[in-house]
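# Structural overview for review
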Amino acid sequence: MQERYDPQAIEAKWQKFWADTRCFAAVTGAEKPKCFPMIEFPYPSGQGLHVGHPRPFTAMDVIARKRRLEGYNVLYPIGYDAFGLPTENYAIKTGIHPAKVTHDNIIRFRSQLQRLGYSFDYSREVNTSDPDYYKWTQWIFLKFFEQGLAYKAEIPINFCTSCKVGLANEEVVDGVCERCGGEVVRMVRSQWMLKITAYAQRLIDDLDTVDYLEKIKAQQVNWIGRSEGALVNFLIKDADEKLTVFTTRPDTLFGATYMVVSPEHPLIEQYHDRIANMAEVHAYQKAAAIKSDFERSELAKDKTGVPLVGICAINPVNGKEIPVWTSDYVLTGYGTGAIMAVPAHDERDYAFAKAFSLPIVEVVAGGDIEKEAYTDCAHGKMVNSGFLDGMDVDKAIPAIIDWLVKEGIGERKVNFKLRDWVFSRQRYWGEPIPLVYCETCGWVPIPYDQLPLELPMLDDFSPTDDGSSCLARAKDWLHTTCPKCSRSATREADTMPNWAGSSWYFLRYTDAHNDKEFASREALDYWTPVDWYNGGMEHTTLHLLYSRFWHKFLFDLGLVLTSEPYMKRTSHGMVLGSNGEKMSKSRGNVVNPDDYIPTYGADSFRTYIMFMGAFDQPIPWNELGTRGCRRFLDRVWALQDMVNGTGDTDAEMKKKVHAAIKKVGEDYERMKFNTAIAAMMALTNDFYAKGTLTKDELHTLTVLLSPVAPHISEEINEALGFSPLMEQPWPVYDESALVEDAVEYGIQVNGKVRARITLSLSLDTKAVEEAALSCEEVKPHLEGKTVRKIIVVKNIINIVVG
RNA sequence: GCGACCGUGGUGGAACGGCAUACACAACGGACUUAAAAUCCGUCGGGGAAACCUUAAGGGUUCAAAUCCCUUCGGUCGCACCA
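Residues numbered from 1 in each chain as written. Chains lettered and ligands numbered in written order. Predicted model: local features only at pLDDT ≥ 70, side-chain atom pairs only at ≥ 80, totals over all residues. Heavy atoms only, no water.

This part takes up the protein's contact with RNA strand B. Contacts to RNA strand B come from 50 residues, most closely from Thr248, Arg348, Met612, Arg756 and Lys794. Near the protein, within 4 Å, the atoms of RNA strand B are sugar or phosphate in 61% of cases. Separating a base nitrogen of RNA strand B from a side-chain N or O atom of Asp328 is a distance of 3.5 Å. Within the side chain of Arg754, a nitrogen or oxygen atom sits 2.9 Å from a phosphate oxygen of RNA strand B. In terms of residue class, the surface near RNA strand B is built from 20 nonpolar, 14 polar and 16 charged. (Near = heavy atom within 4 Å. Polar contact = N/O pair within 3.5 Å; in protein donor to acceptor, adjacent residues only side chain to side chain. Nonpolar A, V, L, I, M, F, W, Y, C, P; charged D, E, K, R; others polar.)

Cis peptide bonds are those with omega within 30 degrees of zero, and the linkage from Leu451 to Pro452 qualifies with 0°. With respect to the helices and strands, the residue Pro452 is situated in the loop between β21 (442–445) and α13 (475–478). Look at Ser357: it is not a glycine, yet its phi comes out positive at around 50°. (Helix = DSSP H or I, 4+ residues; strand = E, 2+ residues; numbered from the N terminus.)

Under the criterion given, the structure shown has 35 salt bridges. Close ionic contact of Asp734 with Lys654 constitutes a salt bridge, the shortest N to O distance being 3.6 Å. Of the two residues, Asp734 sits in the loop between α23 (710–719) and α24 (735–738) while Lys654 sits in helix α20 (residues 651–669), which places them 80 residues apart along the sequence. For Asp734, a relative accessible area of 27% translates into the label partly exposed. (Salt bridge = Lys/Arg side-chain N within 4 Å of Asp/Glu carboxyl O. Buried < 20%, exposed > 50% of the residue type's maximum accessible area, 1.4 Å probe, protein only.)

In space, the four strands of this open sheet follow the order β2-β24-β25-β11, with parallel pairing throughout. Every other strand in the sheet has two partners, leaving β2 (37–39) and β11 (211–212) as the edge strands with one partner each. Both strand β24 (residues 532–536) and strand β25 (residues 568–572) contribute to a ladder of four bridges, which runs parallel. Considered in β25, the bridge of Gly536 is made with His572. With respect to the sheet, helix α7 (residues 214–224) is in contact with β11 and β25, its orientation differing from that of β25 by roughly 100°. (Pairing = 2+ DSSP bridges. Contact = heavy atoms within 4.5 Å. Axes fitted to C-alpha atoms, helices over the stretch in contact; angles between N-to-C directions.)

Below, the discussion takes up empty space enclosed by the protein. A water-sized probe rolled over the atoms picks out the places where empty space is left. Considering all chains together, one arrives at one cavity of 30 Å³ or more under this definition. Looking at the largest cavity, its volume works out to about 100 Å³. Considering the residues around the largest cavity, the lining is formed by Trp18, Phe24, Arg65, Arg68, Leu69, Ser706, Pro710, Glu714, Leu725 and Met726. At the level of elements, α2 (54–69) and α23 are the ones that each hand at least two residues to the lining of the largest cavity. At three residues, α2 tops the list of elements feeding residues into the lining of the largest cavity. In the lining of the largest cavity, the residues fall into six nonpolar, one polar and three charged. (1 Å grid on protein atoms, 1.4 Å probe; cavity = no way out; pocket = protein on both sides within 12 Å on 5 of 7 lines; lining within 4 Å. Points joined across faces, edges and corners; volume = space filled by probe spheres on them.)

What follows deals with the packing of aromatic side chains. How two aromatic rings sit relative to each other is given by the distance of their centres and the angle of their planes. Counted according to the given criterion, the structure contains 53 aromatic pairs. Between the aromatic rings of Phe141 and Phe423, the centroid separation amounts to 5.5 Å while the plane-to-plane angle is 5°, which identifies the pairing as stacked. In this pair, Phe141 sits in helix α5 (residues 131–146) while Phe423 sits in the loop between β19 (421–422) and β20 (435–438), placing the two residues 282 residues apart along the sequence. Phe423 gets classed as buried once you look at its relative accessible area, which sits at 0%. Judged by centre distance (5.4 Å) and plane angle (85°), the ring pair of Trp325 and Phe352 falls under edge-to-face. With a gap of 27 residues between them, Trp325 in strand β16 (residues 321–326) and Phe352 in helix α11 (residues 347–355) connect regions that are remote in the sequence. Its relative accessible area of 0% is what places Phe352 among the buried residues. Above the plane of the ring of Trp18 lies Arg65, whose end atom (NZ or CZ) is 4.6 Å from the centre. When the ring centre of Tyr533 is taken as reference, the NZ or CZ atom of Arg569 above it lies at 4.7 Å. (Phe/Tyr/Trp six-rings, centres within 6.5 Å; stacked < 30°, edge-to-face > 60°. Lys NZ or Arg CZ within 6 Å of the ring centre and 35° of its normal.)

By the definition in use, this model includes zero disulfides. Here Cys23 stays unpaired: no disulfide links it, and the sulfur of Cys35, its closest cysteine neighbor, is 16 Å away. Not part of a disulfide, Cys485 finds its nearest cysteine sulfur in Cys438, a span of 3.5 Å. When its relative accessible area of 25% is taken as the criterion, Cys485 is described as partly exposed. (Disulfide = S-S within 2.5 Å.)

When pLDDT is averaged across chain A, the result is 88; 94% of the residues are at 70 or more. Taken over the whole predicted complex, pTM reads 0.90, whereas the ipTM for its chain interfaces reads 0.91. (pLDDT = per-residue confidence, 0-100.)

Before going further, it helps to examine the packing of α20 against helix α21 (residues 673–690). Running from N to C, α20 and α21 point in directions that differ by 165°, and their axes come no closer than 8 Å. By the criterion of interaxial angle, the relationship of α20 to α21 is roughly antiparallel. Crossing hand, α20 versus α21: left-handed. Only Phe673, Thr675, Ala676, Ala679, Met680, Leu683, Asp686, Phe687 and Lys690 of α21 make contact with α20, whose side of the interface consists of Met653, Lys656, Val657, Ala660, Lys663, Val664, Asp667 and Tyr668. (Parallel < 35°, antiparallel > 145°, perpendicular 65-115°, else oblique. Left-handed = near helix turned anticlockwise from the far one by under 90°.)

This paragraph deals with the pairing of strand β12 (residues 226–236). Across the eleven residues that make up β12, a large majority, eight, are buried. Note that β12 and strand β18 (residues 410–416) share seven bridges and pair antiparallel. In the strand pairing of β18, Leu231 is matched with Glu411. Once β12 ends, the chain turns through five residues before running back antiparallel as strand β13 (residues 242–247), passing Asp238 with a positive phi of about 60°. As defined by bridge partners, β12 adjoins strand β15 (residues 306–314) across two bridges and the pair is classed as antiparallel. Bridging across to β15, Ile236 finds its partner in Ala313.

We now examine the environment of Ile609. Within the element layout of this structure, Ile609 appears in helix α18 (residues 602–611). A relative accessible area of 1% means that Ile609 is categorised as buried. Spatially, the C-alpha atoms of Ile609 and Asn622 are 9.9 Å apart, while their sequence positions differ by 13 residues.

Attention now goes to the pairing of strand β31 (residues 796–801). With four bridges joining them, strand β28 (residues 742–749) and β31 adopt parallel strand pairing. Residue pairing in the sheet places Val749 in a bridge with Ile799 of β31. Pairing analysis gives six bridges linking strand β30 (residues 787–793) to β31, with the strands arranged antiparallel. Bridging across to β31, Ile791 finds its partner in Asn798. Between β30 and the antiparallel strand that follows it, β31, lie two residues; Lys794 among them carries a positive phi value of about 50°.

Now the structure itself:
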């Protein structure tokens, strides 16, 4: 008689065993085929792990553990994305240094993770805020700088007028500061940018080479937002100046009845002495500048704008003079910051033209421009368009572009929504940007052998009055000498965004302690690319895109060996609070796994987090489910008392076991963890129904269960006399054991199920049909009717009568 | 507004176009117990007298639809005037 299932004792025992034997430490260069599954490394927040973390962690642990049993050399790493706002805000409040807070939080996270029994290779742990790590983040940044892909630009930031601090977009809620509710304004600052737009086309094209979920690919493609069109130059009347616009509809050029520039467009200042209503224009610019993004979008319906009186443009196709306006519906950051307005065929232009009584000229027939803009460009013929008249739109577009090119007033142009990455943050807790500014030499990189450029130790982390980070007050650190000319120079006081360290961390895992390179060629060659990367949908357009960009850049320099970092990308649904809302501290619905492990054990917790629902769907937490999974493991444990020593089995049970091997293996691969566990529960129920099972049958169940519930599986496996699970092979199902000799058919009449019969598979179709027709429950439904057709498919017989 | 995904019992959820509700949770009944917990064994979507009807609602395709198509309603996520 086995003792009661005691998860606390068993889990401590096996966690110690795994640590002592270092059996999850991956060996670079081993002969076995490699496998590199990865999760998104966590931000070590002060709240510790909540129940959302273990969902992806357990899922990929299942994959990692299964791969080991399948004979792979597995690298399943863990690390900490440790720079970030919450830690800095905590430091501002308490005066405790962020490095100390981070250090303590990591210790807590690590112990929580270890109690969940993950097969991480802790010897390769990385911490992005460790100078030994961010040395290489800085090193890669300098490569961008050398290649001309890091540059300075004047970019507005969100600035809280009350906290006196620059805010990230996500800290601006409903137009006010998330923390103090203070007014947020835009403030223009000179910031470092990374030229991700140079990789826009490749970031789209190379998606064909990777195995990402379709929705992830679609989101990236939409975010990058490629559109084809043309640049067209309009002349400004009485000036030797062109106003260039981007348009995707050059075919509608004859319908351009006015132009609009964004309020920030340089044309306005350039011609300020010719603009008769400059005071009005200035007032409009000012109003636009203090509008937050939120307000701009809220006011989307009502178009506002001011004409630039005295400025007039000439439509190059027909020589007509058209007015120029300014309006904030034209964005500085997209295209050229100026548009030609074709109100007849663009909804926004239409609304604007209606609001200010501007002329509307139809150039594509097919709509009713009295009522609304006709924007369908797939159909319709050109009208009022000179030499384009009568052409279909799809013919007119290349025709007008050819003409524009020939006349020297335009060119073909591909445009992207994607914008360059603002890489500066006015924050303390981030990687220092390793550049100094010298009056003589300009921006000069710190020599590579002087990296890392470490953050200075400070006591006060609050920002300065002008929105710079507290680094601007660290005068001793800030003032330095120019590496080039040795004159006095100033360090960059901005730091990198927290996306920097996570853009390349997977490379560091391959060789985490290398102090000569970010990773050795040998380690990269052996381990990269990441075979399977699971993460949240919310990172699809930022982290995932950024890291693909960095990787391609490193690939172009010959520093990594593949053009894509991740071969496969999947994503998990969020774990919601038990009230169905997103878990957050402010809602007070955060659930911590530590609350469940003492009562139920890590294995029960892991099983439930995988069983609770479809992996890719969001799901509310429900404590009672853990109890059900504990009950299941108790039943598995008690199977030990039912093992029949003689080891005889029967064909019936063999079929069930092999069906389970097939189902569980396939479901793990498809991330259908809930149905895999259901299949193991069903098999366990089958053993109970029979009342006995063989040693091998129980062994097979423990191996199947081990990726989800590794501790109990190891314990039972050991008790049965097998060597540790690391040395066990993943079971292979026997196709012949699955072959059925009889099948239960559902008999339908006109698609409605009327009966069920079990028939031998050896019967031919004719015999099956006859058996169905002669079935007692079927006969009444056939009375007085003619059998038209009988369809026999798989386990369905459909009798069509009429 | 645009895009993606989704809508199945009291609850979480199963279901290559092929027997809807697997597997759990909760509830209820029984056994065991002085009793309770635990455990074990059962019952368990709703409506209808019945034939039957029922996968958000309505239509379509098909021998056959939760699954494919169209319309409507509701929800979640992402993006917000992208010329």
